[in-house]
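So the chains spell out like this:
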Amino acid sequence: MGSRKKQMADAIKERKKQIAFAKLNNCPTSPRKMRLVADLVRGEKVEQALNILKFSQKEASGRLEKLLLSAIANWQSKNEDADIETAELFVKEIRVDGGSMLKRLRPAPQGRAHRIRKRSNHVTLVVGANNNTQS
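This report concerns the structure included in the present document. The residue numbers shown here count from 1 along each chain, following its written sequence. Whole-chain, interface and lining totals are the exception, using all residues; otherwise, since this is a predicted model, local features are given only for residues with pLDDT of at least 70 and side-chain atom pairs are given and counted only at 80 or more. Side-chain numbers here rest on the full set of heavy atoms in the structure, without hydrogens or water.

Take the overall build of the protein next. Helix and strand assignments follow DSSP, with helices taken as H or I runs no shorter than four residues and strands as E runs no shorter than two, numbered in order from the N terminus. Assigned secondary structure in the protein consists of six helices and five strands. Secondary structure elements of the protein occur, N-terminal to C-terminal, as α-β-α-α-α-α-β-β-β-β-α. Expected size for 135 residues packed as a compact globule is a radius of gyration near 14 Å; at 20 Å, the protein overshoots this value by more than 25%. Over its C-alpha atoms, taken along the principal directions, the protein stretches across nearly 75 × 40 × 20 Å. Between buried and exposed lies partly exposed: a residue is buried under 20% and exposed over 50% of the maximum accessible area for its type, with that area taken using a 1.4 Å probe on protein chains only. Per-residue burial over the protein gives 30% buried out of 135 residues. For the radius of gyration, the atom set is restricted to C-alpha positions; the globular benchmark scales as 2.2 Å times the number of residues to the power 0.38.

Given below as structure tokens:
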């Protein structure tokens, strides 16, 4: 490996160390309801985001809180020597995509049937550290 290629590889590796992510697949909540809660914590510091999720009334907030704790644990396993408080972690990106749909039929008047779509979603949460304190 050439010296420039090695330097680039090391720089990319250092940048990847600053972020950690967690995924939640096939969560049985509609994406629209999950996005309402996800919008509350996007861009917030981790401590603030955990407080928002803990005291939110929505059902989706419990699932997102658990996912955020998982992302923090993933960051900690990558950076064993670093401290969470000094790193100033924040929610860098949170993305809610539609998952698979269960299609059911409900009886309707006059022998008809209405389709019911039970939606699910996939959530990807990325936690990053502020580069200002690391440099």
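Structure's up, so let's keep going.
Looking now at helix H3 (residues 46-54). Val46, Ala49, Leu50 and Leu53 are the residues of H3 that are buried. Angular distribution of buried residues about the axis of H3 spans 100°; they occupy a single face of the element. Residues count as neighbours in contact if any of their non-hydrogen atoms are within 4.5 Å of one another. Those residues of H3 hidden inside the fold are in contact with helix H2 (31-41), helix H4 (60-78), strand E2 (89-98) and strand E5 (121-129). Working definition: the arc comes from the directions between the helix axis and the C-beta atoms, pointing outward to the latter.

So, on to the environment of Asp97. Within the secondary structure, Asp97 is located in strand E2. Relative accessible area serves as the criterion here: at 33%, Asp97 is assigned to the partly exposed category. What Asp97 contacts, discounting residues up to four positions off in sequence, is Arg35, Asn121 and His122.

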